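The chain contents come next:
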Amino acid sequence: MKYLKFLSVGIFFGILLVKSEAVSWFRIFEMFRFESFHMYGIIGSAVALGAIGIALIKKFKLKDLSGQAIEIPSKAKNYTAAIIGGSIFGLGWALAGACPGPMYVLLGTGAVSIFVVIGAALLGTFVYGLLRDKLPH
Amino acid sequence: MDFILDPWPWYVSGPLFALVMLSLTVFGKNFGMSSNLRTLCAIGGAGKWASFFKFDIKSQKWNLVVVLGAVIGGYLGSHFLQNQPDIAISASTVEALQQMGFQNPGASILPPELFSLDALAESKTWAILIIGGFLVGFGTRYAGGCTSGHAISGLSNLQVPSLVAVIGFFIGGLIMTHLILPQLF
């Protein structure tokens, strides 16, 4: 039962990715061509509301469901990794049209070929783990 | 029911993505989907090769449950909550894709030219899916997050590294979409 809330969030997230069309390769292609406001509207409004929510959580020092103070971790200040890794991710995102959330959702929609993308993404993560100490961060 | 069965506009979808992120925050967790790739590698025994994959897998179990939910949600959304599978991309995007040889751009969630089983008969399709997936997996871990962890969670928390990562997402995405994809089709 402890995990039921996470399962519910996951199901909602999956439905939302389908209904918002953000799982579509076509929407990602369109976004990078700046031919529709759709994806920018989604990410922009998510961040705007998310920022208000996070600010309120911090201001009122809210506690999580288990009663512990909510800690929102800062991202590591690895700017080199962020720009290089981000660009590599962007190349893959625009090519496969799926980032690490949508690839699972697409599996649910019945797109069998996405197994190839997921398998390759696991390999990419594994190779990063192998090379991590040799890469600039 | 049409408001549920029709595609959800950005001003409905965007706030709901914020709700997903904030719900996980209130549950004491962080919204980040790409971490699951690392966890799955660790479950597969990647810790034998790199210390990066040696961590407490149990602490990430909740996130794998989110993944399981996402698969179920994808099934429910596409099979029961959709009037039609069309993706309402702009006329200029349709035109650009037609010029690249795509038959019915936007008639389905994914282009059959890349994702149908028939397309897997071509080695080019395999190359695109494998290279695309590899770059996503490698890049997202190198950058320390993806669209959920950096673009939504990170920017909402006003993290400068996330802004740098999102700029990177666009550098890569623009190069692929404008310079590389037109060479491939």
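In the block above lies the structure referred to throughout.
Nothing here was measured: the structure is a model prediction, and the numbers come from that model.

Moving on, we get to the overall build of chain A. For chain A, the helix and strand inventory stands at six helices and zero strands. Counting from the amino terminus, chain A carries its helices and strands in the arrangement α-α-α-α-α-α. With respect to the principal axes defined by its C-alpha atoms, chain A has extents near 45 × 40 × 35 Å. The long-range fraction of contacts in chain A, counting pairs at least 24 apart against all pairs at least 6 apart in sequence, stands at 44%.

Glancing now at the interface of chain B and chain A. A common way to report how large an interface is uses the accessible area buried once the components associate. On the chain A side, the residues contacting the 109 residues of chain B number 101 residues. At the level of elements, α2 (10-26), α3 (35-43), α4 (61-80), α5 (91-99), α6 (112-115), α7 (123-143), α8 (147-156) and α9 (160-184) of chain B are the ones that each hand at least two residues to the side of chain B that touches chain A. Per-element tally for the side of chain B that touches chain A: the top contributor is α7(B), with 17 residues. For the side of chain B that touches chain A, the class distribution of residues is 72 nonpolar, 35 polar and two charged.

Residues and elements named next belong to chain A. Although it is not a glycine, Glu21 sits at a positive phi angle of roughly 70 degrees. In this structure, Glu21 sits in the loop between α1 (4-19) and α2 (25-32). What makes Glu21 buried here is the crowd of 24 C-beta atoms within 10 Å.

This paragraph deals with the packing of α3(B) against α4(B). Residues and elements named next belong to chain B. One can describe the packing of α3 onto α4 by two numbers: an axis separation of 10 Å at closest approach and a directional angle of 110 degrees. Considering their axes alone, α3 and α4 lie roughly perpendicular with respect to each other. Packed against α3, whose contacting residues are Ser35, Asn36 and Thr39, the element α4 presents Asn63, Leu64 and Val67 at the interface. Across the contact of α3 with α4, the residue classes tally to two nonpolar, four polar and no charged.

What counts and what doesn't
- Residues numbered from 1 in each chain as written.
- Chains lettered and ligands numbered in written order.
- Predicted model: local features only at pLDDT ≥ 70, side-chain atom pairs only at ≥ 80, totals over all residues.
- Helix = DSSP H or I, 4+ residues; strand = E, 2+ residues; numbered from the N terminus.
- Contact = placed C-beta atoms within 7 Å.
- Nonpolar A, V, L, I, M, F, W, Y, C, P; charged D, E, K, R; others polar.
- Buried ≥ 20, exposed ≤ 12 C-beta atoms within 10 Å, placed from the backbone.
- Axes fitted to C-alpha atoms, helices over the stretch in contact; angles between N-to-C directions.
- Parallel < 35°, antiparallel > 145°, perpendicular 65-115°, else oblique.

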